[in-house]
Amino acid sequence: MRQVSVEHVPPKKLGGIPKTLTCKKCNNMAGTHLESKLRKNENFRNVLDLQVGAEHEIEYSLNDESTPWLPATFKITETGMQIIGDPNRTNPKDLEKLRDSIKTEGVNDFTARFATPVDSITNISKLRIAYLLAFSVFGYGFLINPNLEIIRKQILDPKTELLPSFGIITQNLTDFSLGFNVIREPKIYKSSLVVFDLIVDTQKRRYGVILPGPDVDDMNIYNLFMNNGTKSFEISHLQSEKLFEK
């Protein structure tokens, strides 16, 4: 018998609340491969926005990279920027080389590098959030839509890009659009639009995700989005307040 668990949608660390039951194994997989990377991406965006308290893991080296690359945390503070070394993650021999370099050369150069999250993985995570939010409102009837099969395959196999685009929208998303919507115009985009907020610390960002409707070719929607980008949509908002009820 397959085990199930209550899932926060969006993820708990991104402001989500318990919304639906999912396969426990799938939930754990998503936490490892999708949600953690999405949170890192949102954290990284907070750093770029100079949000106080935002932090991101980096590696640094001194004196024209003559010392080893060492792990640290880059943090935005009220007074500026701070780099905090992490001895627990650092090879003691590398620390010794760093100290020797500072003693002989001082500090005449500082170089930092950081990894940015993979966009496709973070977008698939948003796709999964939209899918689960819609399912939490409409139940198993929502799953009857045959065009959602490609969405399920993409979520279960995030390392392989099965969609030409992910239908992610970030502009012109009002409070009115929060929840589940149907795109009415342009007619070629006839599909669903799920709008939700992600919250990291005090920073909130809003995303809309297109999901194919039952009567429009699934891949065609994402091909249109890839070729034409964000459009001005006319939407009908469905009353689905329980999408965000606590």
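See above for the structure.
Criteria and thresholds
Here the residue numbers are simple positions, counted from 1 along each chain's written sequence. Totals for whole chains, interfaces and linings use all residues, but because this is a predicted model, local features are given only for residues with pLDDT of at least 70 and pairs of side-chain atoms are given and counted only at 80 or more. As a convention, hydrogens and water are excluded, and side-chain values are obtained from all of the structure's heavy atoms. By definition, any uninterrupted DSSP run of H or I lasting at least four residues is a helix, any uninterrupted run of E lasting at least two residues is a strand, and each is numbered from the N terminus. When accessible area is computed with a 1.4 Å probe and restricted to protein chains, residues below 20% of their type maximum are described as buried, those above 50% as exposed, and intermediate ones as partly exposed. The contact criterion used is simple: two residues touch if any of their non-hydrogen atoms lie within 4.5 Å. The arc in question is formed by the directions pointing from the helix axis toward the C-beta atoms. Residue types Ala, Val, Leu, Ile, Met, Phe, Trp, Tyr and Cys, when buried and joined through side-chain atoms within 4.5 Å, form a set referred to as a nonpolar core. Whether two strands pair depends on DSSP finding at least two bridges between them. A fitted line through C-alpha atoms represents every axis, and for helices the fit uses only the stretch in contact; the resulting angles, taken between N-to-C directions, go from 0 to 180 degrees. Definition of a polar contact: a pair of N or O atoms within 3.5 Å, with one able to donate and the other able to accept a hydrogen when the atoms are protein atoms, and with sequence-neighbouring residues admitted only if both atoms are side-chain atoms.

Visitor: Account for the overall build of the protein chain, with residues named and values stated.
Guide: Counting its secondary structure elements, the protein chain contains five helices and 11 strands. Within the protein chain, the proportion of its 246 residues that are buried is 47%. Within the protein chain, contacts between residues at least 6 apart in sequence are counted, and of these 64% link residues at least 24 apart.

Visitor: I'd like a rundown of helix H4 (residues 149–156), residues and numbers included.
Guide: Among the residues making up H4, those that are buried are Ile150, Ile151, Gln154 and Ile155. Viewed along the axis of H4, the buried residues span an arc of 135°, placing them on a single side of the element.

Visitor: Outline the nonpolar core, listing residues and values.
Guide: Residues Ile151, Val194, Phe196 and Leu211 are the most contacted members of the largest nonpolar core, which totals 31 residues. Taken together, the elements giving at least two residues each to this core come down to helix H1 (24–48), helix H3 (119–138), H4, strand E9 (191–200) and strand E10 (203–212). Counting residues per element, this core draws most heavily on H3, at 10 residues. With near-sequence residues (within four places) excluded, leucine 211 lies in contact with Leu127, Ala130, Tyr131, Ala134, Phe142, Ile151, Ser191, Ser192, Val194 and Tyr222.

Visitor: With reference to specific residues and values, describe the sheet that holds strand E4 (residues 70–77).
Guide: Within a beta sheet, neighbouring strands are joined by backbone hydrogen bonds and run either parallel or antiparallel to one another. The four strands are arranged E5-E4-E3-E6 in an open sheet whose pairing can be described as antiparallel. Both outer strands of the open sheet, strand E5 (80–85) and strand E6 (110–113), are each paired with one neighbouring strand and no more. Taken over all neighbouring pairs, the strand axes of this sheet differ in orientation by 40° on average, direction set aside. Where strand E3 (residues 55–62) and E4 come together, six bridges link them in antiparallel fashion. In the sheet register, glutamate 55 faces E4, and the bridge partner there is lysine 75.

Visitor: Talk me through the environment of asparagine 181; I want residue IDs and the actual numbers.
Guide: Turning to its location among the elements, asparagine 181 is positioned in strand E8 (residues 179–185). Between the alpha carbons of asparagine 181 and glycine 208 there is a distance of 9.8 Å; along the sequence they are 27 residues apart. When near neighbours in sequence (up to four residues on either side) are disregarded, asparagine 181 contacts Phe176, Ser191, Ser192, Leu193, Val195, Ile235, Ser236 and His237. Among the polar contacts made by the side chain of asparagine 181, one reaches the main-chain carbonyl oxygen of glycine 179 at a distance of 3.5 Å.

Visitor: Got a sec to walk through the environment of valine 107? Specific residues and values, please.
Guide: Along the polypeptide, valine 107 turns up in the loop between helix H2 (92–105) and E6. Measuring from C-alpha to C-alpha, the distance between valine 107 and aspartate 64 comes to 9.7 Å, with 43 residues separating the pair along the chain. Those residues within four positions of valine 107 in sequence are excluded, and the remaining contacts are Leu62, Asn63 and Ile102.

Visitor: Explain the sheet that holds E8 to me, and be specific about the residues and the numbers.
Guide: Strand order in the open sheet formed by five strands is E7-E10-E9-E8-E11, and the pairing between neighbours is antiparallel. Each edge of the open sheet carries a strand with a single partner, namely strand E7 (168–169) and strand E11 (234–237). Pairing geometry for E9 and E10, over 10 bridges, is antiparallel. Paired with leucine 198 across the two strands is arginine 205, which belongs to E10.

Purely geometric stuff here, so don't read any function into it on its own.
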